[in-house]
There are 2 protein chains.
Amino acid sequence: MAQKQGYLSKNQKIVLDYIEKANQPLKAYSILFNVQKKGLKAPPQVYRALDRLVEIGKVHKIESKNAFVACKNSSCTISNATAFSICDGCEKVTEISNPKLSKYLSGFQDNSGMKYNKYNLEFFGLCKKCR
Amino acid sequence: MAQKQGYLSKNQKIVLDYIEKANQPLKAYSILFNVQKKGLKAPPQVYRALDRLVEIGKVHKIESKNAFVACKNSSCTISNATAFSICDGCEKVTEISNPKLSKYLSGFQDNSGMKYNKYNLEFFGLCKKCR
DNA sequence: TTTAATATGTTATATTATAACATTGTTATA
DNA sequence: TATAACAATGTTATAATATAACATATTAAA
């Protein structure tokens, strides 16, 4: 079942399918329980798929929630530059796709001499409904 | 041992002292092992102190590392607006204190109708030494 | 001085994630 | 086709991170 770069393995497809159907972040063990009917029985199978999906940008990890969400930027070319809005009320998470913001952050430099190649930004607040 | 806003309880002081001495992010259990000589014996004691210290901005959590670091902005008035640079090589973490950046992000709005009151930004890359 | 609120101590357990190793499938090529 | 090299999978066990729940104690304020 090896495969060329860019293709997804069986387990990766199963996990991605499930994450894409939900449009909210999912916990790894919740994914596990739900893909058991598809044959994935143990945590490493899910975590390995997640690791790879995150690596290729199909899935993002919401670090403050230890949860995983499908990438909504159809191109998925900016997985090294992620931004999310998170409602503290209903927990809704939305991927922010804002060219000005990503341009600003991708070009950010400070005087530390550090060369940045990736960032992750999480905004918190209350959405319309929860306000 | 209740206390006025702004003062720290015994356990909070112990934990903060220890974190401030390190100038790198520390894991909760590593803190626990090291404050056991001071009488904090169990995880909840450490996590409770951490929760409070994070709440008041004396400590920040580096979400991508599940680690805790003392706030370096002497005023600690911006704990709702945090930014860090993280070296993927040596793992060094530095709090970014950049007025332009924080102004830009604090004022950020998108068309979602969401009202943001907090953000956390993590930059990744390689520092001078690791380049 | 009782009440309410905050902090602590303690045990147990929940949740998240990885180590380690055996096996199987795939690709390339000798 | 055989066989080597690699990628993916399966499996068990356990490590690492975090919280629930409840008892007790301390303090501040009504």
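Before reading further, recall that the structure is shown in the block above.
Residues numbered from 1 in each chain as written. Chains lettered and ligands numbered in written order. Predicted model: local features only at pLDDT ≥ 70, side-chain atom pairs only at ≥ 80, totals over all residues. Heavy atoms only, no water.

Visitor: Hey, could you run me through the layout of surface pockets in this one?
Guide: By rolling a water-sized probe across the atoms, one finds the places where empty space is left. Each pocket or cavity is described by its volume, and for the largest pocket that value is around 620 Å³. Surrounding the largest pocket, 28 residues form its lining, A:Ser64, B:Val54, B:Lys61, B:Glu63 and B:Lys118 being those nearest its centre. For the lining of the largest pocket, the elements supplying multiple residues, two or more each, are strand S5 (115-126) of chain A together with helix H2 (28-35), helix H3 (43-55), strand S1 (59-62), strand S3 (81-87) and strand S5 (115-126) of chain B. At five residues, the largest contribution of residues to the lining of the largest pocket is made by H3(B). Its residues placed into classes, the lining of the largest pocket shows 10 nonpolar, eight polar and 10 charged. Approximately 420 Å³ is the volume found for the second largest pocket. In terms of lining, the second largest pocket is formed by 18 residues, of which the most central are A:Val54, A:His60, A:Lys61, A:Glu63 and A:Lys118. Only helix H3 (43-55), strand S1 (59-62) and S5 of chain A together with S5 of chain B provide two or more residues apiece to the lining of the second largest pocket. At five residues, H3(A) tops the list of elements feeding residues into the lining of the second largest pocket. (1 Å grid on protein atoms, 1.4 Å probe; cavity = no way out; pocket = protein on both sides within 12 Å on 5 of 7 lines; lining within 4 Å. Points joined across faces, edges and corners; volume = space filled by probe spheres on them. Helix = DSSP H or I, 4+ residues; strand = E, 2+ residues; numbered from the N terminus. Nonpolar A, V, L, I, M, F, W, Y, C, P; charged D, E, K, R; others polar.)

Visitor: How should the interface of chain A and chain B be read in this particular structure?
Guide: A common measure of how large an interface is: the accessible area buried when the components associate. Counting residues at the interface gives 32 residues for chain A, matched by 32 residues for chain B. Across the chain A/chain B interface, buried area totals approximately 2,700 Å², and carbon plus sulfur atoms make up 63% of it. The largest share of the area that chain A buries against chain B comes from A:Met114, A:Phe123 and A:Phe124, three residues that together contribute 21% of it. Every element with two or more residues in the side of chain A that touches chain B is listed here: strand S3 (81-87), helix H4 (99-106) and S5 of chain A. The greatest single-element share of the side of chain A that touches chain B, amounting to 12 residues, is contributed by S5(A). Considered class by class, the residues forming the side of chain A that touches chain B number 15 nonpolar, eight polar and nine charged. (Contact = heavy atoms within 4.5 Å. Buried area = accessible area lost by both parts, 1.4 Å probe.)

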